Each structure stands twice: as structure tokens, then as C-alpha cells.
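Coordinate inspection notes
Given next are the chains, with one letter for each unit.
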Amino acid sequence: MIEVATLQTLGGPDMSHATFSAPDMTTYCGLEELGLVAVGMRCQEGGFVLKCRAAHPARLCPGCGRPGYSLGSRTRRLAHEPRGHQPTTLAVYVGRYRCRACSCSWCDDISQAAPPRAKLSFGALRWGLVCLIADNMPINRIAAHLAVAWHTANEAILAYGEELLLADSTRFEGVRVIGVDEHVWRHRGGDKYATVIVDLTPVRDHTGPARLLDVVQGRSKYVLSSWLAACPQEWKDNIEIVAMDGFSGYKSAAASQLPGAVTVMDPFHVVHIAIDALEQCRQRVQQETLGHRGRKGDPLYAARKTLLTGTDILTDTSQARLDAVFACPDHADVHATWRIYQDLLAAYRDRDPRRGKNTLRHLITTLTRPGLPHTCIELARMGRTLKRRAGDILAYFDHPHTSNGPTEAINGRLEHLRGPALGFRSPTHYITRALLETGEFRPQLHPQLSRAPCVLLVARPLNPSWTDSRGNLYICGDCEGWAIDNGLLADMLGSSCMRNIKAGAAGGIVEVIPDNPLIVVGQQPWVLRSL
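Since the model is a prediction, treat every value here as computed from it, not as a measurement.

**Structural notes on the packing of helix H5 (residues 150-166) against helix H18 (residues 427-438)**
- Running from N to C, H5 and H18 point in directions that differ by 55°, and their axes come no closer than 10 Å. Accordingly, the angle class assigned to the pair H5 and H18 is oblique. Handedness of the H5/H18 crossing: left-handed. Two secondary-structure elements touch here, H5 through Trp150, Asn154, Leu158, Gly161, Glu162, Leu165 and Leu166 and H18 through His429, Thr432, Arg433, Leu435 and Leu436.
- Here the contact of H5 with H18 is composed, by residue class, of six nonpolar, four polar and two charged.

Structure (C-alpha cells):
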């Protein structure tokens, strides 16, 4: 490596100007934040070793304030953030002192560098937490990069994450809509079920994705009731909606602990009840007519997937296959169940919530009408289920966008979490990893992931038809794309950065906040600035 002085001697460029500074291992390794200074380096086969000392040695007596004399030093070794995929170890020389006047002994304070009796520096803990949450790196690879044991890295990083992120009391602020669902955290041995509680407020307000609030081991009314009972009363009073599946235990717990909240049964689970009824009816008729399970070439078995397809997306071939199945008199029960299933889908797909609610209410009344003969036992069972939860089912139309789908999505992410770890044996360990994985902490660890707001310029166009109800035309200050706000939907034209906004606003409302001029469309913030 040629030094700067040699380059200048050879006629090379002068690099001593302010663009560059002298090489500094303290700055390069991030030791300033730890209160350390690098005084030496040694390269060895297992990585790098940096000799460090405290940036501000404590030479004054903490008791009387007089200078003390040195008693030598002791070395504390800390695993640090790796550089160049090579483990980095800090050999911190901790000075020891004694006061001649009061015989007081003390040493340099390096609490800014690492927790007491820890083997990982704060830099290594933060690096490991970022790798674990943002980069999905397994613990064994993190431990290998830090040159420590698996248990050492696992316990230290999870404790640091729990203290830094999970212990934040503001994490539960602003929660108005929650989703509750069951989760299988392991598939063998002991109690395998857990209850997940998810914050759905950002999804309902179109301000961000759902986030996991907590995971409680077990699945019962007692489990959810105990968790809600431990929450502050002020927090429970702010809960407006609880989205859930058809499990009656969660319904009873929410009714007892959150009497002022509205319970909403997720449309996915309601439709799944109809799917189960249709599948069971098809299998029963298959056995009654042919005497065996579905085989290739059987009409009902061949149409098993077509029966579950909505009528609005059926092709001519699929419609012809259904017509052939329903033409047989023996398939009358299947035809009746299929029509109920399609009516249920049409109610949820109706753009008018009032009309969809009336359609579904009429459907429940029809299935449970007294004295109505039911030739299909599956429809009778389905009618009893829908009648028992009719209030929760119909509440969805009064509170749109209150689906438990984001809760199911977080369940899927937790299923994926077990893959790199090859399963978990400790429920405490699993719950902490689950919260760190799906608690939406990535923007806190990676500020680059937080999308900066686009600037919209408010202009007065020449053509009045190009304006909104307030006579404003919004122009993006970044790409000069323009948008018209009609009070209900933003029509975005002209630029690539508008595409996500247009898709996000397809079912949402553009909201203008007077005090803080911010338009929220989908999940993208837009700041208004007058010309």
C-alpha cells in the first residue's frame, strides 16, 4: 500500500485536502459511541483484535476528587461488530486506580461499551439484532460471525432486543382495533397452541401494516381473558373493534373484558364455513350415489374445484361442467348448497355495504326459518352456526376493512420463522423471536426503510374541471406528476411513483389534516406545500 506522501513524491494527486481524513480505527469500528479509543490492532487467524482503552480515563478519585495513582490495568475481551466477515474482538484495557488520601480504589467506567459481565459489546448487540430482524439471519450464523457460542449470542441479543424494543411502553399506544387468532408454535410434544394478538389499527386507517402485540401460550377463553385483564383499563377502553375467527372462547373473553368493543367475525372464516358445508355435501352425495370416494372420471370429483369458483370468473368450459353436474337429480343437495355458497360470496363482494348486509341477513334468515324442511344436513348445520354468530358476521359491513387477514398473514410469517431455526423448544424464546420478527421494528433499526414523504405542490390550473372540490390541483414536487383529490378517491396520473398510490387508494379515502397538512393515501404520506 502506497502512502499519501509517496504519491505526492511520485507526482500523484494531493489527497491531504478536506475530502479525506487520516485513517482512524476508532471511527471506522464505531468505538466512539462506546466511549473507547483504539490504540492498536493485531491480525490473527481467527479475525482481528483491537487494543482499546477508555476515551476518558477516570484518574480523579470519585470520593474526594484528588488525582489517584495507577495500579495497572486488567483486560476485558468483548466480541464486537465484525468487519469484512471477520470476527472482531475488543481487548479493552481497564485502568485501576487508588487514592493516597482516602485509600479509595476505582477503575475506568466502560459501562457505555457493554453491559456488566457481558461478552458482547453494544455494537455487537445492535449488529446482531439488525441481522436477526432485518436480514433474517439465523442465530448460528450470527454467533459464527461474532466468534462466540450459540447460547451466548442468543441470550444476549434477545435480552438486548427485549430491553430496547419490547419494553417500550409506547408500543401499545394508539391501538383501537385488534385481531385475535390461534397459532401452532410447535407440532409435537406438550401444548402446541398459542394465542396471537395483533394491532390492526394501521391497516384500518391505511397508515401501515399490522404488527404483533403479544403471543400468549395456550388457546382458551381463560388465556385471552387473563391477558386482557392484565392490560390497563384505559387501554381497554380505547379498543373499538375485535376481529376474530369462529372460536367461541375468544368471543366470550372479548365480551367479558371488552364490553364496549364490537366483535367482528372475519369474512374468510365465514366463507370457509360455507366451503366446508359444500365439500361435506359433495362427499356425502358421492358416497350415496356411487358408493366410493371420488375418483378420476366421477362428475362430482371432477368438478370439486369448479364448485368453489365464483360465478363472475367462471369460463364457458367451467360453466358447462357445472351444468352437467346439476342436471342430475341426485345432485340436488349439492346444487342447493352451491347456490347458498355463491350468495354468500356475492354478499361480501357487493360494493354497497348496506345491500351486502341485507343479502347476508336474508340468507341467514332463510337457512334458519322455523318449519323450513332441510333435505341437506350440511345446510342445516351451517344455518345454526351462522345464526349463533349473526351479530358478529353482520358487524363486518358496519366496520369495513376490519378483516382478520393481516392476522393470518402474521401467522404465516411466524410459520416461516421456525424454518431457519429448525423449530423451537422454549416457548419464551419463541415468543420473543416472534415479537421481534413481526412487531414492525425494522424502521427503528433501519431508518432507511422509513419512506420519506413526497412533497405535493398546490396549484390553480387554468381548466376548472381539473380541480377538486376545493379548487386545488396537487403536483408532486419530486416527479411533477399530478393528482386530483375529489374528496373520496385520488386519481393519480403521470409518474411511476404514483402507481403505488393509485393502487393503495382504490378503496380508501384521502384525508387532509388541517393542523398537519398531510394527505394519506394507502400507506404513502403526502405533504402539501403551497406554491
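**Some thoughts on the side chain of aspartate 199**
- Take aspartate 199: it is sitting in strand S7 (residues 193-199).
- Ignoring any residue separated from it by four or fewer positions in sequence, one finds aspartate 199 in contact with Val175, Val177, Ala210, Arg211 and Leu213.

**What to know about the packing of helix H14 (residues 353-367) against helix H16 (residues 390-398)**
- In contact at an axis separation of 8 Å, H14 and H16 are set at 165° when each is read in the N-to-C sense. Taken together, the axes of H14 and H16 are roughly antiparallel relative to one another. Helix-helix and strand crossings are classified by hand; for H14 and H16 the assignment is right-handed. Two secondary-structure elements touch here, H14 through Pro353, Gly356, Lys357, Leu360, Arg361 and Ile364 and H16 through Ala390, Ile393, Leu394, Phe397 and Asp398.
- Per-class residue counts for the contact of H14 with H16 are seven nonpolar, one polar and three charged.

**Looking at the nonpolar core**
- Counting residues in hydrophobic clusters, the biggest one holds 80 residues, and the most contacted among them are Tyr348, Leu360 and Met382.
- Looking at this core, the element that brings in the most residues is helix H10 (residues 267-290), giving nine residues.
- When near neighbours in sequence (up to four residues on either side) are disregarded, tyrosine 348 contacts Pro267, Val270, Val271, Leu360, Ile393, Tyr396 and Phe397.

**What about the pairing of strand S1 (residues 36-44)?**
- Bridge count for S1 against strand S2 (residues 47-54) is eight bridges, and the pairing is antiparallel. Opposite valine 37, over in S2, you have arginine 53 as the bridge partner.
- Linking two consecutive strands that pair antiparallel, namely S1 and S2, is a turn of two residues.

**Digging into the pattern of salt bridges**
- By the definition in use, this model includes 14 salt bridges.
- Note that arginine 176 and glutamate 240 form a salt bridge whose closest N and O atoms lie 3.6 Å from each other. Within this pair, whereas arginine 176 is found in the loop between H5 and strand S6 (177-184), its partner glutamate 240 is found in the loop between helix H8 (233-237) and strand S9 (241-244), the two being separated by 64 residues in sequence.
- The structure contains a network of salt bridges with shared partners spanning Arg284, Glu288, Asp333 and Glu378.

**Let's talk about unusual backbone geometry**
- With phi around 55°, serine 103 is a residue other than glycine that occupies positive phi space.
- Position of serine 103 among the secondary structure elements: in the loop between strand S4 (86-98) and strand S5 (105-107).
- We classify serine 103 as exposed; its relative accessible area is 56%.

**Some thoughts on the pairing of S2**
- With six bridges connecting them, S2 and S4 associate as parallel partners. When the sheet's bridge partners are listed, phenylalanine 48 is paired in S4 with threonine 88.

Conventions adopted
Residues numbered from 1 in each chain as written. Predicted model: local features only at pLDDT ≥ 70, side-chain atom pairs only at ≥ 80, totals over all residues. Heavy atoms only, no water. Axes fitted to C-alpha atoms, helices over the stretch in contact; angles between N-to-C directions. Helix = DSSP H or I, 4+ residues; strand = E, 2+ residues; numbered from the N terminus. Parallel < 35°, antiparallel > 145°, perpendicular 65-115°, else oblique. Left-handed = near helix turned anticlockwise from the far one by under 90°. Contact = heavy atoms within 4.5 Å. Nonpolar A, V, L, I, M, F, W, Y, C, P; charged D, E, K, R; others polar. Core = buried A, V, L, I, M, F, W, Y, C linked by side-chain atoms within 4.5 Å. Buried < 20%, exposed > 50% of the residue type's maximum accessible area, 1.4 Å probe, protein only. Pairing = 2+ DSSP bridges. Salt bridge = Lys/Arg side-chain N within 4 Å of Asp/Glu carboxyl O.

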